[in-house]
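This is what each chain is made of:
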Amino acid sequence: MQDAEKSMNLKKRKSIFSTDALMPKILLLFAGISILTTIGIVVILLMESGKFFARVPIAEFLTGTEWTPLFEPPAYGVLPLIAGSLMITLIACIVAIPFGIGSAIYLSEYAPQKVRNALKPILEILAGIPTIVYGFFAVTFVTPMIRYLLPQTDMFNALSAGIVVGIMIVPMISSLSEDAMAAVPQSLRNAAYALGSTKLETAVKVVVPAAFSGIVASFVLGISRAIGETMIVTLAAGAMPNLSFNPLRSVETLTAYIVSGSSGDTTYGSVEYLTIYAVGITLFVMTLALNMIAGYISRKFREEYG
C-alpha cells in the first residue's frame, strides 16, 4: 500500500515538473507571436510606404496643404488629414478628461462601496458599445442639436465627431484613473486629514498627485484611442480634407481616409493605393510618439510606496 502511494506521489511530482518546464515555453511562444505580429505590421507599413515615398517626395507629403490623391491634378499634402485628426482629438480630450478625472475622483474618494460597485460596471459598459453605434448617435442626435444651436454648422462636422469620441473614451480614462487612485495608500489620506485637510483638498492635493503617473497613462491611452478612432469620424466628420481649425466644418481624418482609400476604387500598386500605407505609417508614428511620451512621464513621476 505504501509502495502504491509512493508511486502515485512520484507520478504527481513528475507531472508538476513537466508542467513547470512546459508552461514557460508556451508563454514564450505567445509573447513571440505578439512581437512577430507587431514586427510584421511595421515591416509591411515601411515597405509599402517606401514605394510611395519613392514616387512622392516626403517633404511634399509632410508640408503640402492639399490632399486630393484621387483627383486630377493629384496633391499629396497630408497636413489637412493631420489637422482633422488633431482637432477631433483635441475636442475629445476637452470632453473626456474633465469628466473622466471627475468621475474617477468621485468613485475613488466619495462614492460608497455599493455605489462604486454599481457605477463602475455601468461606465465600463460604455467602453463595450460598438463604435458604429456611437457614429450613428453622433449623426442622428448630436449633430442635429449642434445645428439647432449653430445653424451655420455643416451636416458633417468635427465638433459632433469630437464630442462623441470624447464620450467614448471617458470610461477608459475614468476606469484607469480610478485604479491608479485606489492604489494610493490610505496612510497618505489619513495624514492629510490629520493636518486638517478637507476631503476635496485630500483628493486634489494628495491623491491625484500621488497617482499622477497612472492618470497620465490613462490620458495618453485615451488620446491614442481618439486619434485611431475610425467609424465615428467616418460617419460624423465627413470626407472633406480641409486644412481648417473651424470645428463646425466638415473634415477628414487619417483613419477616415484609410477607410475610403481601401474601398476598392483604386488600382493595386498605384500611387493612389500606396497613399493608404503612407497615411498609415503617419498614424503609427503619431501613436508611437504618444506612447513614448506616456512611458517617459510614467517613469519620471512614478510613486513607489514601501
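Residues numbered from 1 in each chain as written. Predicted model: local features only at pLDDT ≥ 70, side-chain atom pairs only at ≥ 80, totals over all residues. Heavy atoms only, no water.

(A) The overall build of the chain, seen in detail. The secondary structure content of the chain amounts to 12 helices and 2 strands. In the chain, which comprises 306 residues, the proportion classed as buried is 41%. Across the chain, every contact between residues at least 6 apart in sequence was considered, and the portion connecting residues at least 24 apart equals 71%. Total accessible area computed for the chain in this model is approximately 17100 Å², and 70% of it derives from carbon and sulfur atoms. (Helix = DSSP H or I, 4+ residues; strand = E, 2+ residues; numbered from the N terminus. Buried < 20%, exposed > 50% of the residue type's maximum accessible area, 1.4 Å probe, protein only. Contact = heavy atoms within 4.5 Å. Areas by Shrake-Rupley, 256 points an atom, 1.4 Å probe, with all protein chains shown as cover.)

(B) Main features of the environment of Glu 124. Along the polypeptide, Glu 124 turns up in helix H4 (residues 113-127). Sequence separation between Glu 124 and Met 172 is 48 residues, and the spatial gap between their C-alpha atoms is 7.7 Å.

(C) Spatial organisation of helix H5 (residues 131-149). Over its 19 residues, H5 extends 25 Å from the first C-alpha to the last, a length consistent with the 27 Å expected when each residue adds 1.5 Å. Most pronounced at Ala 138, the bend in H5 amounts to some 40°. By the burial criterion, the buried members of H5 are Thr 131, Tyr 134, Gly 135, Ala 138, Val 142, Thr 143 and Ile 146. Contacts from the buried residues of H5 go to H4, helix H6 (158-182), helix H9 (212-228) and helix H10 (231-236). (Expected span 1.5 Å × (residues − 1). Bend = angle between axes of the 7 residues up to and from the residue.)

(D) Expanded view of the packing of H4 against H6. Look at H4 against H6: their axes get within 8 Å of each other, and the N-to-C directions meet at 140°. By the angle between their axes, H4 is oblique relative to H6. For H4 against H6, the interelement crossing comes out left-handed. Judged by residue contacts, Arg 116, Lys 120, Leu 123, Glu 124, Leu 126 and Ala 127 of H4 engage Pro 171, Ser 174, Ser 175, Glu 178 and Asp 179 from H6. Residues that form the contact of H4 with H6 fall into these classes: 4 nonpolar, 2 polar and 5 charged. (Axes fitted to C-alpha atoms, helices over the stretch in contact; angles between N-to-C directions. Parallel < 35°, antiparallel > 145°, perpendicular 65-115°, else oblique. Left-handed = near helix turned anticlockwise from the far one by under 90°. Nonpolar A, V, L, I, M, F, W, Y, C, P; charged D, E, K, R; others polar.)

(E) Structural view of the pattern of salt bridges. Enumeration over the complete set of coordinates arrives at 2 salt bridges. Lys 51 serves as the salt-bridge partner of Glu 48, at 3.5 Å between the closest nitrogen and oxygen. Of this pair, Glu 48 and Lys 51 both sit in helix H1 (residues 2-55), 3 residues apart, which is roughly one turn of the helix. By relative accessible area, Glu 48 is classed as buried at 13%. Given a relative accessible area of 42%, Lys 51 falls into the partly exposed group. Here Glu 109 makes a salt bridge to Arg 189, at a shortest N to O gap of 2.9 Å. Of this pair, Glu 109 sits in helix H3 (residues 79-110) while Arg 189 sits in helix H7 (residues 186-194); the two residues are 80 residues apart in sequence, bridging distant segments of the chain. (Salt bridge = Lys/Arg side-chain N within 4 Å of Asp/Glu carboxyl O.)

(F) Molecular detail of helix H8 (residues 199-210). Between the first and last C-alpha of H8 there are 15 Å, a value that for 12 residues agrees with the 16 Å anticipated at 1.5 Å per step. Here the buried face of H8 lies against H3, H6, H7 and H9.

(G) Structural detail: empty space enclosed by the protein. Within this structure, the stated rule accounts for 1 cavity of 30 Å³ or more. Lining the largest cavity we find Ser 85, Ile 88, Thr 89, Ala 226, Ile 227, Glu 229, Val 233, Thr 253 and Thr 255. When residues in the lining of the largest cavity are grouped by element, the largest group, 3 residues, is from H3. (1 Å grid on protein atoms, 1.4 Å probe; cavity = no way out; pocket = protein on both sides within 12 Å on 5 of 7 lines; lining within 4 Å. Points joined across faces, edges and corners; volume = space filled by probe spheres on them.)

(H) Region of interest: the nonpolar core. Core analysis: the biggest nonpolar cluster contains 39 residues, and Ile 88, Val 165, Ile 169, Met 181, Ile 215 and Val 233 have the highest contact counts within it. If you list the elements that add at least two residues to this core, you get H3, H5, H6, H8, H9 and H10. The element best represented in this core is H6, accounting for 11 residues. One finds Phe 61, Ile 82, Ile 281 and Met 286 within the second-largest nonpolar core, a separate group that totals 28 residues. (Core = buried A, V, L, I, M, F, W, Y, C linked by side-chain atoms within 4.5 Å.)

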